[in-house]
Amino acid sequence: MGIIARQSIKGTIATYIGVLVGFITTFFILTSYLTAEEVGLTRVLVDTATLFSSLALLGTGSSTLRFYPYFKDGSRNQQGLYFWTLIIPFVGFLLFLICFFAFKGLIVRAFQDKSPLFVNYIYFALPIAFFMLYMTVFETNATILERVAVPRMIREVFIRVSLMVGYLLYGLWHVITLDGLVVVFCATYGIGALLNLGYLLFSQKISFKPDFRIITPQLRRDFLLYTLFLVTSALVSAVMPTLSSFFISAKMGLVFTGVYAIANYIATMVEIPSRSLNAIVQPRIAVALRATPPDLPAATRLYQQVSLNQLLVGMVILILIWINIDLFFDLLPNGEQYAAGKWVVLILATSKLITSAFAIGGSALSYTRWYYTSLIFTLILMVSSILLNNYLIPICGIEGGAWATLGSNVIYNVLMLMYVRWRVGTFPFSRGQLKVLAVGLLMVVLNYLMVFAVGKFFPKPSLWFRVGEAVVRTGVVALAGLLMVYYGKVSEDVNGLLRKALARIRSRSAGGERR
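Structure report, in brief. (Residues numbered from 1 in each chain as written. Predicted model: local features only at pLDDT ≥ 70, side-chain atom pairs only at ≥ 80, totals over all residues. Heavy atoms only, no water.)

**Re the overall build of the chain**
Helix and strand counts for the chain stand at 23 helices and zero strands. Burial statistics for the chain: of 515 residues in total, 54% are counted as buried. Here the analysis covers contacts within the chain between residues at least 6 apart in sequence; of these, 84% occur between residues at least 24 apart. Surface exposure of the chain reaches about 23800 Å², of which carbon and sulfur atoms provide 69%. Across the chain, the mean location of the 42 positive side-chain charges is 10 Å away from that of the 21 negative side-chain charges. (Helix = DSSP H or I, 4+ residues; strand = E, 2+ residues; numbered from the N terminus. Buried < 20%, exposed > 50% of the residue type's maximum accessible area, 1.4 Å probe, protein only. Contact = heavy atoms within 4.5 Å. Areas by Shrake-Rupley, 256 points an atom, 1.4 Å probe, with all protein chains shown as cover. Lys, Arg positive; Asp, Glu negative; His and termini not counted. Charge placed at Lys NZ, Arg CZ, Asp CG, Glu CD.)

Printed below as a string of structure tokens:
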């Protein structure tokens, strides 16, 4: 895969460094030094800012990738494309700022009863949203340049480390107040946006100089229609990741939002590999589908390749998490409180696995002339999620929110896959997916047999014995899965990486022997 593989690997490494920092922050700092209500506040505040920034983006991320082939000419400013990525989101921010103040009263009334702390800090969501907005803009520009590793490092590592320091200043050292902690959030995202901008300028491959010559009436009309569509679509898609958190905050309170946030963070590890790979592959799918005639074989190969690899990696991560979930909550500070989210982890992780494996189909559709039909599916996604959240949360609590997320995602992906198959002619499924499911099943069976055997000989093990046993068992299950993938030839990409790694090890070993 060349540059795709290299940038994806670098981006994934950066992401997992961020996961390590986030793991320490979430499971050993937040749970130790912040109350569940304060954890819930940080979660819903970031969710609000994420929602606001996603709407203000006015679909710039997708429209930039879609129209990139029209602007591409090899120059630094790509005929003014990068200039428009600055202007359009700023206009969007001003528009949604007006909407925020217009509907502020409704927002306050919805959260005042169960989550008054959030109401006290809701205004801080505005500067956070602004900085998030331009972080996303600059990351999109880096994606066009096929340079996602450094922006990924900024988002996943710098942001997380800075927030971790803020949590310690507030909860452990008591240097700042809760007001100060929220200010740290604002400053962190602001510096992150500036670092992304600095990286783009330092690369000397980009210019924000305007160029109006290419903006023909036809291109302007197509761009405006597509952007209008994306604004409506973004209204739906931006709401979805935060919908359950908002419902739980409004109906149950920030304490339950905090428990849900911890569970959601664990589940998020399943989708991490998809972030970098999707960012790299999407421009290439766009080029394939915008060719004349569309290069469907190339698009289908990329589609199936990405779907297979993300299903494989995500499923392995999900299994390794779930086989150790009870021990994890036993080790977590105040784990008895957060263990209430155990089943939320499994449900949300399954939902994220489905999304990471098959959501690339929605991206493929957005680069065709049928892009506008995806709005129907996103509307179905939002309506089903709202109905399910409203019905299930009062009955099942936070697990109801997780079931609502899974149910709505299944409905959306099934309908989307069927439509993409019909209209575009691409399909993510191959025999490789069946092999992936077989590997996952065998890994689960192997873990069950090992747990059963250990339980027979050690019916009442100590905590640290359980830790050691979990390390060994997880290693055995992971190694068995790796061997099955390699010898079963499940993924040519994974096998290629393994062969390269083995070749390097043998080369170094041979070099050491010669010395």
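That was the structure; now back to the text.
**Section: helix α7 (residues 125-144)**
Helix length check: α7 (20 residues) gives 29 Å between terminal C-alpha atoms against 28 Å at 1.5 Å per residue, within 8%. Among the 20 residues of α7, 16 are classified as buried, and the element is accordingly described as predominantly covered. At the C-terminal side of α7, E146 shows a positive phi close to 55 degrees. (Expected span 1.5 Å × (residues − 1).)

**Considering the packing of helix α21 (residues 431-457) against helix α22 (residues 463-487)**
For the pair α21 and α22, the least separation of the axes is 10 Å and the interaxial angle reads 150 degrees. Accordingly, the angle class assigned to the pair α21 and α22 is roughly antiparallel. The two elements α21 and α22 meet at a crossing, and its hand is right-handed. Across the interface between the two elements, V439, L442, M443, L446, N447, M450, V451 and V454 of α21 pack against F465, E469, R473, V476, V477, A480, G481, M484 and V485 of α22. Taken together, the residues of the contact of α21 with α22 break down into 13 nonpolar, two polar and two charged. (Axes fitted to C-alpha atoms, helices over the stretch in contact; angles between N-to-C directions. Parallel < 35°, antiparallel > 145°, perpendicular 65-115°, else oblique. Left-handed = near helix turned anticlockwise from the far one by under 90°. Nonpolar A, V, L, I, M, F, W, Y, C, P; charged D, E, K, R; others polar.)

**Let's talk about the pattern of salt bridges**
A full pass over the atoms with the stated rule returns nine salt bridges. Residue E139 is joined to R155 by a salt bridge in which the shortest nitrogen-to-oxygen separation is 2.7 Å. Of this pair, E139 sits in helix α7 while R155 is found in helix α8 (residues 149-172), placing the two residues 16 residues apart along the sequence. E271 is the partner of K352 in a salt bridge, and the nearest nitrogen-oxygen pair spans 3.9 Å. Note that K352 is positioned in helix α17 (residues 342-358) and E271 in the loop between α12 (254-268) and α13 (272-290), a separation of 81 residues in sequence. Look at K352 and you get buried, because its relative accessible area is 15%. Through salt bridges with shared partners, a single ionic network connects R152, E156 and R160. (Salt bridge = Lys/Arg side-chain N within 4 Å of Asp/Glu carboxyl O.)

**Things to note about the side chain of S115**
The residue S115 is located in the loop between α5 (104-111) and α6 (116-120) in this model. Looking at S115, its side chain comes within polar contact range of the main-chain oxygen of S249, at 2.7 Å. (Polar contact = N/O pair within 3.5 Å; in protein donor to acceptor, adjacent residues only side chain to side chain.)

**Remarks on unusual backbone geometry**
Phi angles above zero are rare outside glycine, and H174 is one such case at about 55 degrees. Here H174 is to be found in the loop between α8 and α9 (178-203). Exposure remark for H174: the relative accessible area of 60% places this residue in the exposed category.

**Digging into the environment of L163**
One can find L163 in helix α8. Take L163: its relative accessible area is 10%, and that puts it in the buried class. As a C-alpha pair, L163 and V182 span 19 residues in sequence and 9.8 Å in three-dimensional space. Contact partners of L163, with chain neighbours within four places excluded, come to F185, T188 and Y189.

**Some details on the packing of aromatic side chains**
This model, assessed by the stated rule, comprises 27 aromatic pairs. Both rings, one in F52 and one in F93, keep their centres 5.4 Å apart while their planes meet at 25 degrees; by these two values the pair is stacked. Of the two residues, F52 is situated in helix α2 (residues 36-56) and F93 in helix α4 (residues 81-102); the sequence distance between them amounts to 41 residues. An aromatic cluster is present here, built from F52, F93, F100, F101, Y123, F130, F131, Y134 and F138 joined pairwise through their rings. Above the ring of W422, the side-chain terminus of R423 is found at 4.3 Å from the ring centroid. (Phe/Tyr/Trp six-rings, centres within 6.5 Å; stacked < 30°, edge-to-face > 60°. Lys NZ or Arg CZ within 6 Å of the ring centre and 35° of its normal.)

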